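Architecture and fold: a report
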Amino acid sequence: MYLTKAPLLLQWLYPALTWHRSRSEKRLYLTFDDGPIPDVTPQILNTLKNYQIKATFFCVGENIKKHPDLFHRLLENGHRIGNHTYHHLNGWHTPTDTYLADINQCEQLIHTNLFRPPYGRGTRAQYARLRHQYEIIMWDVLSGDFDQQLSPDRCLANVIRHARNGSIIVFHDNVKAIPRVTYTLPRAIEYWLAKGYQFDTL
């Protein structure tokens with residue numbers, strides 16, 4: 001169960017987390033979680049390059065370690081990098097000290113002030129300690145591209161329906177997402193460009 005639009009109640013309960021940017025500017029923020037991996041990250045990078053768009057990639061430390069050349073390509077292409085833990089840990093199921101140590105292990109590889117909790121799940125205690133070092137990035141639009149029961153057309157409809165000024169939109173560069181993210185990303189970009197949106201990194 002997941003919601004493609006972040007509930008206002010959650011945003012109200014966790015006001016110190018970043019859910020979106022300014023609603024006054026016609027600007028969108030594309031983000032990609034879980035990579036980098038050779039199966040799909042290069043396709044995403046090529047699509048972004050074709051449209052001259054910069055995005056923010058929340059990287060898993062063990063994937064950076066496995067694919068350092070691909071990680072360096074993200075940097076060379078001018079994209080922003082965020083910490084997504086070393087082992088893609090669920091904060092709800094991980095003791096705080098273990099969770100923070102895993103984030104620090106990832107940090108040794110990337111050096112960033114952005115963090116996104118895998119699955120969007122962390123505890124108040126974890127966030128309280130992380131806020132001194134990171135801007136904790138959530139989202140207001142979840143594409144659902146990781147859902148293998150979701151059709152590519154429906155994934156496209158999800159992001160087009162919910163995105164608005166300042167939206168932070170989540171896609172994934174992982175194997176499960178491939179059919180949906182590779183279909184949706186170029187079509188959504190073309191739609192938003194036609195509507196006059198610009199794109200930026202976080």
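Scope of this entry: the structure provided in the associated data block. Computed from a predicted structure; not experimentally measured.

1. A look at the overall build of the protein
For the protein, the count of helices and strands is 8 helices and 8 strands. For 202 residues, the compact-globule estimate of 2.2 N^0.38 gives 17 Å, and the protein sits close to it at 16 Å. Along the three orthogonal principal directions, the C-alpha set of the protein runs to about 45 × 40 × 30 Å. In the protein, buried positions account for 52% of the 202 residues. Expressed as a percentage of contacts within the protein between residues at least 6 apart in sequence, the contacts between residues at least 24 apart total 76%. Accessible surface computed for the protein: about 9,600 Å², of which carbon and sulfur atoms make up 51%.

2. Comments concerning helix H8 (residues 178-194)
Between its terminal C-alpha atoms H8 stretches 25 Å, which fits the 24 Å expected from 17 residues at 1.5 Å a residue. Listed in full, the buried residues belonging to H8 are Arg180, Val181, Thr184, Leu185, Pro186, Ala188, Ile189 and Trp192. Taken together, the buried residues of H8 touch strand E1 (27-33), helix H2 (41-50), helix H7 (152-162), strand E7 (168-172) and strand E8 (198-199). With its phi angle positive at about 90°, Gly196 sits one or two positions after the end of H8.

3. Here's the deal with the environment of Gln198
By the secondary structure assignment, Gln198 is in strand E8. Accessibility expressed as a relative area gives 46% for Gln198, which makes it partly exposed. C-alpha of Gln198 to C-alpha of Asn165: the two residues are 33 residues apart in sequence and 9.7 Å apart in space. Leaving out residues up to four positions away in the same chain, Gln198 has contacts with Lys26, Arg27 and Leu28.

4. Quick notes on the side chain of Arg116
Structurally, Arg116 is set in the loop between strand E4 (114-115) and helix H6 (124-130). Relative accessible area serves as the criterion here: at 0%, Arg116 is assigned to the buried category. A polar contact is formed between the side chain of Arg116 and the side chain of Asp33, at a distance of 2.7 Å. Apart from residues lying up to four places away in sequence, Arg116 is in contact with Thr31, Asp33, Phe58, Asn83, His84, Ile137, Met138, Trp139, Ile168 and Val170.

5. Quick notes on the pattern of salt bridges
Across all of its chains, the model carries 6 salt bridges by this definition. The partner of Arg27 in a salt bridge is Glu25, and the shortest N-O contact between them spans 3.2 Å. Glu25 sits in the partly exposed class, given a relative accessible area of 38%.

6. A short note on the packing of H2 against H8
Between H2 and H8, the least distance of the axes is 10 Å, while the angle of their chain directions is 10°. Judged by the inter-axis angle, H2 sits roughly parallel to H8. In this structure, H2 contributes Gln43, Ile44, Thr47 and Leu48 to the contact, and H8 contributes Val181, Thr182, Leu185, Pro186 and Ile189. Within the contact of H2 with H8, the residues separate by chemical class into 6 nonpolar, 3 polar and no charged.

Rules and cut-offs
- Here, residues in each chain are numbered from 1, in the same order as that chain's written sequence.
- The model is predicted, so local features are restricted to residues of pLDDT at least 70 and side-chain atom pairs to those at 80 or more, both for listing and for counting; the totals for chains, interfaces and linings are taken over all residues.
- To obtain the side-chain values, all non-hydrogen atoms of the structure were included, while hydrogens and water were left out.
- Under the scheme used here, helices are H or I runs from DSSP no shorter than 4 residues and strands are E runs no shorter than 2 residues, and both carry numbers assigned from the N terminus.
- In this treatment the radius of gyration is a C-alpha quantity, and the globule benchmark scales as 2.2 Å times the residue count to the 0.38 power.
- Throughout, exposure labels follow a simple rule: accessible area from a 1.4 Å probe, protein chains only, divided by the maximum for the residue type, with under 20% read as buried, over 50% as exposed, and the rest as partly exposed.
- The contact definition used throughout considers only heavy atoms, calling two residues in contact when any of these lie within 4.5 Å.
- Working definition of accessibility: Shrake-Rupley area with a 1.4 Å probe, residue cover restricted to the visible protein chains.
- In a helix, the anticipated span is given by 1.5 Å times the number of residues less one.
- Think of a polar contact as two N or O atoms within 3.5 Å of one another; within protein, one of them needs to be a possible hydrogen donor and the other a possible acceptor, and neighboring residues in sequence only count if both atoms come from side chains.
- Throughout this description, the term salt bridge denotes a Lys or Arg side-chain nitrogen within 4 Å of a carboxyl oxygen of Asp or Glu.
- To get an axis, fit a line to the C-alpha atoms, keeping to the stretch in contact for a helix; angles then go from 0 to 180 degrees between the N-to-C directions.
- An angle below 35 degrees is read as roughly parallel, one above 145 as roughly antiparallel, one from 65 to 115 as roughly perpendicular, and any other as oblique.
- Note that Gly is not counted as nonpolar here; it falls among the polar residues with everything else outside the nonpolar set of Ala, Val, Leu, Ile, Met, Phe, Trp, Tyr, Cys and Pro and the charged set of Asp, Glu, Lys and Arg.

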